[in-house]
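Each chain, written out:
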Amino acid sequence: MKQLAPSLHMLEIFMPAVTDENFFVQKILPDVANIPFYTGIELPVIFKKENQKLVRRIVEDRDYQLTIWASPNINEKGDNLSALDPEERRRAVAYVKELLAEAAESGAYHVGLPSGPDVSPEKREDAKKALFESFCEISQEASKYQDMHLTLEPLDRYVHKKQLMGPIHEVIDWFEGLKKECPNFYIHWDSAHEALAEIDLEESMKRALPYMAQFHICNCVTDPSNPCYGDWHMELGNAPEYKNWGYLDLQGAAKMLRTAAEAETPAGIRDVHVGVEVRTHMGDDLWKREGEIRSFLQAAFDEAGLIYNK
């Protein structure tokens, strides 16, 4: 049984501060680095050179595995890596290459990418072929940077995010072919998207494990009659019961950790990282929220009988 590595999804837990890159990197990140629990951090793409240098220095000093999420930049720009129009797809690939260069300056270990929006059923296979071509080109570019790995996060197709690749059981056969061509690609598994697809989470994770470099424990409301239905990166409830409107509880989180820990670490990476994905909003006490998710993840490790970096 392997040891899992706790990660802090800073992009989500400090969301209100992300728009001010200087404040986010220079004020928040150094304080995060003083928390001994985490062995990984997850950031947006950092663009300013002085901030990239600071991120890299902290990553190296703390021996973090750094994930840079490029997905928000790609989505906000309106680019689509699975576009059926060749010129549109080429523009998207070119932009991702630019983002890889920026991520490398910060010392990125993983770079997270989206699949693009879903299309009509008759066009879906063509879109998957387009995505395969995009990922192969991006994989070759990423191989130029030392210790850079790429991750695809399959999302829900029919409920909220409505992405091309998801859920896991539909992704794996396609991903096996990609992995043969592009060994630096891995899966990022997210519990909320699988829960929204009404898929057994243990079965889903087991399908992903041979390729899973990291995963998120994420709460969501799975009842379509509830106005909060969907993947809103919702809170966890209060200790010790952690009761809330979502599906997630401490025992469920512990089960995910045990399932992940029972498998071998995929070849080519150091550790499998796990983070709890909760989004904060303007006016929230951001450090209070960080403490809550850290306590939840620590309690889930304890419930699972697993060791973390105490």
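Below or above, wherever it landed, is the structure these notes cover.

Criteria and cut-off values
- Residues numbered from 1 in each chain as written.
- Predicted model: local features only at pLDDT ≥ 70, side-chain atom pairs only at ≥ 80, totals over all residues.
- Heavy atoms only, no water.
- Helix = DSSP H or I, 4+ residues; strand = E, 2+ residues; numbered from the N terminus.
- Rg over C-alpha atoms; globule rule 2.2 N^0.38 Å.
- Buried < 20%, exposed > 50% of the residue type's maximum accessible area, 1.4 Å probe, protein only.
- Lys, Arg positive; Asp, Glu negative; His and termini not counted.
- Charge placed at Lys NZ, Arg CZ, Asp CG, Glu CD.
- Phe/Tyr/Trp six-rings, centres within 6.5 Å; stacked < 30°, edge-to-face > 60°.
- Pairing = 2+ DSSP bridges.
- Polar contact = N/O pair within 3.5 Å; in protein donor to acceptor, adjacent residues only side chain to side chain.
- Contact = heavy atoms within 4.5 Å.
- Salt bridge = Lys/Arg side-chain N within 4 Å of Asp/Glu carboxyl O.

Remarks on the overall build of the chain
Secondary structure summary: the chain contains 11 helices and 8 strands in total. Computed over C-alpha atoms, the radius of gyration of the chain comes to 18 Å, within 12% of the 19 Å expected from 2.2 N^0.38 for 310 residues, which places it in the range of a compact globule. For the chain, the C-alpha atoms occupy an extent of roughly 50 × 45 × 40 Å along the three principal directions. Buried residues in the chain amount to 57% of all 310 residues. Distance between charge centroids for the chain: 2 Å, based on 34 positive and 52 negative side chains.

Overview of the packing of aromatic side chains
In this structure the tally under the stated criterion is 10 aromatic pairs. Between the aromatic rings of Phe-37 and Tyr-38, the centroid separation amounts to 5.1 Å while the plane-to-plane angle is 70 degrees, which identifies the pairing as edge-to-face. For the residue pair Phe-37 and Tyr-38, the accessibility class agrees, reading buried in each case. Centroid distance Tyr-242 to Phe-296: 4.9 Å. Interplanar angle 85 degrees. Geometry classified as edge-to-face. Of this pair, Tyr-242 sits in the loop between strand E7 (212–217) and helix H10 (250–261) while Phe-296 is found in helix H11 (residues 286–304), placing the two residues 54 residues apart along the sequence.

Brief notes about unusual backbone geometry
Negative phi values dominate among residues other than glycine, just as trans dominates among peptide bonds. With an omega of -5 degrees, the peptide bond between Gly-166 and Pro-167 qualifies as cis. Cis geometry marks the peptide bond from Ala-239 to Pro-240; its omega dihedral reads 0 degrees. Within the secondary structure, Pro-240 is located in the loop between E7 and H10. The backbone phi angle of Asp-147 is positive, close to 60 degrees, even though this residue is not glycine. Judged by its relative accessible area of 48%, Asp-147 falls in the partly exposed class. A positive phi angle, near 60 degrees, is found at Glu-198, a position not held by glycine. Note on placement: Glu-198 falls in the loop between helix H8 (191–196) and helix H9 (201–208). Judged by relative accessible area, which is 69%, Glu-198 ranks as exposed.

Comments concerning the pairing of strand E1 (residues 5–9)
Buried residues dominate E1, accounting for 5 of its 5 residues. A two-sided burial pattern is seen for E1, the buried positions comprising Ala-5, Ser-7 and His-9 on one face and Pro-6 and Leu-8 on the other. By the bridge criterion, 2 bridges tie E1 to strand E8 (residues 273–276) in an arrangement that is parallel. Considered in E8, the bridge of Ala-5 is made with His-273. Relative to strand E2 (residues 40–44), E1 runs parallel, the two being bridged by 3 bridges. Note that in E2 the partner of Ser-7 across the bridge is Gly-40.

Considerations on the environment of Asn-34
Among the secondary structure elements, Asn-34 is positioned in the loop between helix H2 (21–32) and E2. Classification of Asn-34 by relative accessible area gives exposed; the value is 62%. For Asn-34 and Leu-164, which are 130 residues apart along the polypeptide, the C-alpha to C-alpha distance reads 39 Å. A polar side-chain atom of Asn-34 sits 3.4 Å from the main-chain carbonyl oxygen of Pro-30.

Some remarks on the environment of Phe-132
Position of Phe-132 relative to the elements: it lies in helix H6 (residues 124–142). Spatially, the C-alpha atoms of Phe-132 and Leu-81 are 8.9 Å apart, while their sequence positions differ by 51 residues. The contacts of Phe-132, once residues within four sequence positions are left out, are Trp-174, Gly-177, Leu-178 and Glu-181.

Here's the deal with the pattern of salt bridges
Considering all chains together, one arrives at 20 salt bridges under this definition. One salt bridge connects Glu-137 with Lys-97, and the closest N-O pair in it is separated by 2.9 Å. On the criterion of sequence distance, the pair formed by Glu-137 in helix H6 and Lys-97 in helix H5 (residues 86–106) is long-range, its members being 40 residues apart. Taking the relative accessible area as the measure of exposure, Glu-137 reaches 33% and is therefore partly exposed. Assessed through its relative accessible area of 23%, Lys-97 is described here as partly exposed. In this structure, the salt-bridge partner of Asp-118 is Arg-157, at a minimum N-O distance of 3.8 Å. Residue Asp-118 is located in the loop between strand E4 (110–113) and H6, and its partner Arg-157 is located in the loop between strand E5 (149–152) and helix H7 (168–181); the two are separated by 39 residues in the primary sequence. For Asp-118, a relative accessible area of 22% puts it in the partly exposed group. One network of salt bridges, in which partners are shared, links Asp-118, Arg-124, Arg-157 and Glu-170.

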